[in-house]
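Read off the chains here:
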Amino acid sequence: MKGFESLDNFTLKHFKIVVFILIAFFLAVSVTSLIKAASWIDKPFPGFLLYRNSIICEVSLSHWTGNHAGLVESYDKVVGVDGISVSPADIYSIVSSKPVGTSVNYSVSRNGELIRVSVPTMNFGAFDFLSVFGWVYLVGLVIFIAGMVVYFFKPDLESSKLFFMFCFSMGIWFTSIFDTQSTYSLGNVPFMGWMFTPAFGIALGFVFPSRRKFLTDNSFIMPVPFLLSFLIFILHLIYFDAQYLWKIVDISTWIYVLASSLLFISTAAISYLRPDSSLDKERSKVILLGAFLGFFLPALCAMAITALDVSNLNALAILVTFFPLSVAYAIVKHKLFDIDVIIQKALVYGVLTGALVCFFASMVLAFNLAFANYGGWRNPAFFVLLTTFLVFTLNPLRNRIQNFIDLTFFRKEYDYRRTVEEISFAMISLLNLDEITDKIISTIVQTMFSNPVSVILFDQNSGDYEVYAKSRGAHSLMVFSIKEDNELIKLLSRYRQEIFKDDLIADERYIRYRSKLMKTFDDFNAALFVPILFKKRLIGILSLGDKKSGLSYNSQDIKLLRILANQSAIAIENAFAFRLVEDYAKKLEEANREIRETQSQLIQIEKMSAIGQLAAGIAHEIRNPLNIIEGARYYLSQMIDGENSVVVKEYLDYIKHEIDRTNRLIDNLLKFSRSEPPHFEPVNVNGILENALVLIRKQISDSNIKLITTFHPQIPGVMGDPNQLWQVFINILINAIQAMPQGGELQIDTGVYNVFSNNIFISFRDTGGGIDEEDISKIFDPFFTRKETGTGLGLSISYKIVENHNGRIIVASKKGEGTTFVIELCTNQDIKGVDDEREQKDIGG
């Protein structure tokens, strides 16, 4: 760091030790000065004060005998008493030995001439002590305490160190200046404090409210004011006994004090007009007011008093306190949210007081004129009327003045109370997280015109804080999350209060993390982060950019943001809880659905088991009579002869046909009930489909059906039983043909779902009459059919085959428009090793 802090690295490293030494030194000086000054009370003195070089000082009171008829003037030099050359200490000693009121003859050098004056002695009373020493001494103590408090509150700041040194110099000056005019026990210490005060003031102006950029490349500038103070102090020592040259040095010092005040005001004005941040602007506002009232005006008045030989400038010391206190306020309380509120209230009550005084004066005048014979304003009616006026009009008058001040000097951005009520109502009624975050953003944007605004919430899955919602102005953000170990998260969790970007240069809690925090602020284009806390746990963050108006966030904004964050925390937790309940409800519903489907499958399995047992019994009970009938038929066929032989043979053939048909039905039943496992081998479904179409192509043509096929040329192979898959395809094709007795269109497609899926599909779409909606869930049940012919086992067998291939059949149908069957099969895996409970087993509409 350059400038003042680069002058002495040792001092920086051990500055705290130096501070304690300076505090001890100040206490010694101030106590000594107080004791010595108190010894003057109720003792005779010349009626004027002298510096140690016998020059009459500019401090005087109007009732002092030295002021009568201009007997002595500032910068006159007393060269003798009663014709004898004496020192100032001798003069005070001579006077203290004489009774009060005794005239003492002085030889005085004025404008190169030696004149003789006679000034009566007078008593230095308590009023003189308070006027000349007390007020200045008290102000010096206040200034030093202010510097000490600021340093211990902000020990790491460069501005705190410089401010402490400034207050130390000014405190030494103010508490001990009386010693230079009376007891002379502290030597040149008071003059040193006086002459170095402007140097520390200039240095402070260079770094506060913000460090001047020219110091970076011109570090030699910072020592210049200290060299100038040192030069003035050397000239003071050299020309101390030279009346007129020392007067020039004295006046030059006052000019230097005035120049330093002007320079400080100028740097503050530059920071106000061209601030590096909103904090600089707010600080400058406070400092400008304090510097003008407490630095510039006292210095200007002191110089005028000195030049015009006007007595007593000590009363100006009261004004000086405005400057250090304003700087202390700006350094320590760097979040100057309340400054506009303070100014606003001061204006309101100032105008109200003025209005009441005017009204009171008008009433007094009116009563004195109208009721002169009845006591004027002392008439009891006056007080009754005044009291009535105050009771009924004071608050309405204050409100009117408040509105006038708001409209004239302060832009009333929003109705704070109404906004809070709207937020509270909305957050209580909302349970949807999207609606809650939208309400947060819209409230901030519509009331404070911040841009951009983001709502960042903790994600339990990732463990990070993710941007959940953002305003339109935040679409350019490139960062959408904050890691849980980010310094911002740690500090928001630790201190549980908002962090401004300006805090990174003014708050010692955040200065050490400045580079890391600044990156986070820049990533989100933020000026302010507000924590969203639920039971002291950080669940989210509000990220706000600068206001579009360029104004800073005030205390009302911060109160509103805190309320918004608190209300939002409860609403967000409620939304999370509601979402959790919804998720549990969905999972419960899914579980119930799986239970119902499992129950349906169990029912289907139980039904199939019953059918198997029934089929075995039917086969046994029917096959035996059929065998007997077949044997008898064969025997009769061998015995046929004669004229009726043709007719008899025809009936016997009919019996044979029906016996074969019944045997096939029994074979199908047995095959269905035995549930024989398929014999898997690599197969190509396109080839199986083509083989199936060869057998029924003529039937398709005879039925006036247009066949459209779209086979995927590179469809992956599957592990399957070609005979069983052929049977499935035949069953579905025959059903499609039978569903279009008047002709129609049959489209067959094969393909792959997508590149990420292992599933292929075979689709059959017809334009037949369709299936009734209530029948879709039954079509795979054994023996279910709406056709006049058929057994109702075809689709049941197909269902079982596809299930054994770890696939599924999907049916979609609309009455009068047609039906689509889609078979889905897995590729490239061992079907035998697949879990039987996969969801792909689910079959149905």
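Our structure is the block above this text.
Please read these numbers as outputs of a predicted model, since none were measured by experiment.

Caption draft 1: Broad picture of the overall build of the chain. Check the secondary structure of the chain and you find 25 helices and 18 strands. Burial statistics for the chain: of 845 residues in total, 44% are counted as buried. Counted over contacts in the chain with a minimum sequence separation of 6, partners at least 24 positions apart contribute 69%. Total accessible area on the chain stands at roughly 43400 Å², and carbon and sulfur atoms take up 59% of it.

Caption draft 2: Examining the nonpolar core more closely. If you look at the biggest cluster of nonpolar residues, it comprises 94 residues, and the most contacted ones within it are L49, Y106, F163 and V327. When residues no more than four places from it in sequence are discounted, the contact partners of V327 are F163, L204, F208, F264 and I287. Counting 40 residues, the second largest nonpolar core, distinct from the first, contains L725, I732, F780 and F821.

Caption draft 3: Representation of the packing of helix α4 (residues 126–153) against helix α5 (residues 158–176) in the model. In the contact formed by α4 and α5, the axes pass within 8 Å of each other and the chain directions differ by 165°. Regarding the angle of α4 to α5, the classification is roughly antiparallel. Where α4 crosses over α5, the two elements pack in a sense that is left-handed. Looking at the contact of α4 with α5 residue by residue, the classes come out as 17 nonpolar, five polar and one charged.

Caption draft 4: Up close: the pairing of strand β15 (residues 744–752). Where strand β13 (residues 705–710) and β15 come together, six bridges link them in parallel fashion. From the neighbouring strand, I708 faces β15, where its bridge partner is Q747. Bridge analysis of β15 against strand β16 (residues 759–766) gives seven bridges, and the strand direction is antiparallel. Within β16, the position partnered with D749 by the bridge is S763.

Caption draft 5: Region of the structure containing the packing of helix α17 (residues 487–495) against helix α20 (residues 514–523). Closest axis-to-axis distance for the α17/α20 pair is 9 Å, and the angle between their directions is 100°. Considered as vectors, α17 and α20 are oriented roughly perpendicular to each other. Contact residues: α17 offers E487, L488 and L491, while α20 offers K516, L517 and T520. Grouping the amino acids of the contact of α17 with α20 by side-chain chemistry returns three nonpolar, one polar and two charged.

Caption draft 6: Expanded view of the sheet that holds strand β2 (residues 77–81). Here three strands make up an open sheet; going across it, the order is β2-β3-β4 and the pairing antiparallel. Both outer strands of the open sheet, β2 and β4 (113–120), are each paired with one neighbouring strand and no more. Going across the sheet, the axis of each strand differs from the next one's by a mean of 35°, ignoring polarity. Of the strand pairs in this sheet, β2 and strand β3 (residues 103–110) are connected by four bridges, and their pairing is antiparallel. By the bridge assignment, V78 is partnered in β3 with V108.

Caption draft 7: Structural context of unusual backbone geometry. Going from N451 to P452, the amide bond is cis rather than trans, its omega being 0°. On the secondary structure map, P452 appears in the loop between α16 (433–448) and β6 (453–458). Even without being glycine, N111 reaches a positive phi, approximately 55°. For N111, the position within the fold is in the loop between β3 and β4.

Caption draft 8: Up close: helix α8 (residues 224–238). End to end, α8 covers 21 Å across 15 residues, agreeing with the expected 21 Å (1.5 Å per residue, within 8%). Three or more residues of α8 are buried, namely P225, F226, S229, I232, F233 and H236. Buried positions in α8, seen along its axis, are confined to an arc of 120° and lie on one side of it. Opposite its buried face, α8 presents the exposed residues L227 and I238, each directed more than 90 degrees away. Where α8 is buried, its residues touch α6 (189–207) and α9 (243–273).

Caption draft 9: Just a nonpolar patch on the surface, in detail. Together, L228, L231, L235, I238, Y239, L245 and I248 give the surface a local cluster of nonpolar side chains, amounting to about 600 Å² of exposed area. Among the secondary structure elements, those contributing two or more residues to the nonpolar patch are α8 and α9. With four residues, α8 is the largest single contributor of residues to the nonpolar patch. Mapped onto the secondary structure, Y239 falls in the loop between α8 and α9.

Caption draft 10: Expanded view of the side chain of S176. Here S176 lies in helix α5. What makes S176 buried here is its relative accessible area of 0%. For S176, the contacting residues outside a window of four places in its chain are V29, S33, L186 and P190.

Caption draft 11: Layout of the sheet that holds strand β11 (residues 537–544). The strand order across the open sheet formed by six strands is β8-β7-β6-β11-β10-β9, and the pairing between neighbours is antiparallel. Strand pairing shows two members of the sheet lacking a second neighbour, β8 (481–482) and β9 (499–500), which therefore form its edges. Note: β6 against strand β7 (residues 465–470), five bridges, orientation antiparallel. In the sheet register, S454 faces β7, and the bridge partner there is K470. Lying on the sheet, α16 is in contact with β6, β7 and β11; it crosses β6 at an angle near 145°. Across the sheet, α20 lies against β8, β9 and β10 (528–534), angled at about 95° from β10, the strand it touches most.

Caption draft 12: Representation of the environment of E484. With respect to the helices and strands, E484 occurs in the loop between β8 and α17. Between the alpha carbons of E484 and S462 there is a distance of 9.6 Å; along the sequence they are 22 residues apart. Once residues within four sequence positions are removed from consideration, E484 is found in contact with F458, G463, D464, Y465 and I489.

Caption draft 13: Inspection of the environment of V100 at higher detail. One can find V100 in the loop between α3 (88–96) and β3. We classify V100 as exposed; its relative accessible area is 52%. As for V100 and F45, which are separated by 55 residues in sequence, their C-alpha atoms are 8.3 Å apart. Excluding residues within four positions of it along the chain, V100 makes contact with P44, T121, M122 and N123.

Caption draft 14: Main features of the side chain of S271. Relative to the helices and strands, S271 resides in helix α9. With near-sequence residues (within four places) excluded, S271 lies in contact with P209, S210, R212, D280, K281 and S284.

Caption draft 15: A look at the pattern of salt bridges. Under the criterion given, the structure shown has 14 salt bridges. One salt bridge connects R110 with D76, and the closest N-O pair in it is separated by 2.8 Å. Of this pair, R110 sits in strand β3 while D76 sits in the loop between β1 (43–45) and β2, placing them 34 residues apart in sequence. Residue classification places D76 among the buried positions, given a relative accessible area of 2%. One salt bridge connects D464 with K483, and the closest N-O pair in it is separated by 3.3 Å. Here K483 lies in the loop between β8 and α17 and D464 lies in the loop between β6 and β7, a separation of 19 residues in the sequence. Judged by its relative accessible area of 11%, D464 falls in the buried class. Under the relative-accessibility criterion, K483 is labelled partly exposed at 49%. Residues joined in a network through salt bridges with shared partners are E73, D76 and R110.

Calculation criteria
Residues numbered from 1 in each chain as written. Predicted model: local features only at pLDDT ≥ 70, side-chain atom pairs only at ≥ 80, totals over all residues. Heavy atoms only, no water. Helix = DSSP H or I, 4+ residues; strand = E, 2+ residues; numbered from the N terminus. Buried < 20%, exposed > 50% of the residue type's maximum accessible area, 1.4 Å probe, protein only. Contact = heavy atoms within 4.5 Å. Areas by Shrake-Rupley, 256 points an atom, 1.4 Å probe, with all protein chains shown as cover. Core = buried A, V, L, I, M, F, W, Y, C linked by side-chain atoms within 4.5 Å. Axes fitted to C-alpha atoms, helices over the stretch in contact; angles between N-to-C directions. Parallel < 35°, antiparallel > 145°, perpendicular 65-115°, else oblique. Left-handed = near helix turned anticlockwise from the far one by under 90°. Nonpolar A, V, L, I, M, F, W, Y, C, P; charged D, E, K, R; others polar. Pairing = 2+ DSSP bridges. Expected span 1.5 Å × (residues − 1). Arc of directions from axis to C-beta. Patch = residues over 30% accessible without salt bridge, like charges linked within 9 Å, V, L, I, M, F, W, Y side chains within 5 Å. Salt bridge = Lys/Arg side-chain N within 4 Å of Asp/Glu carboxyl O.

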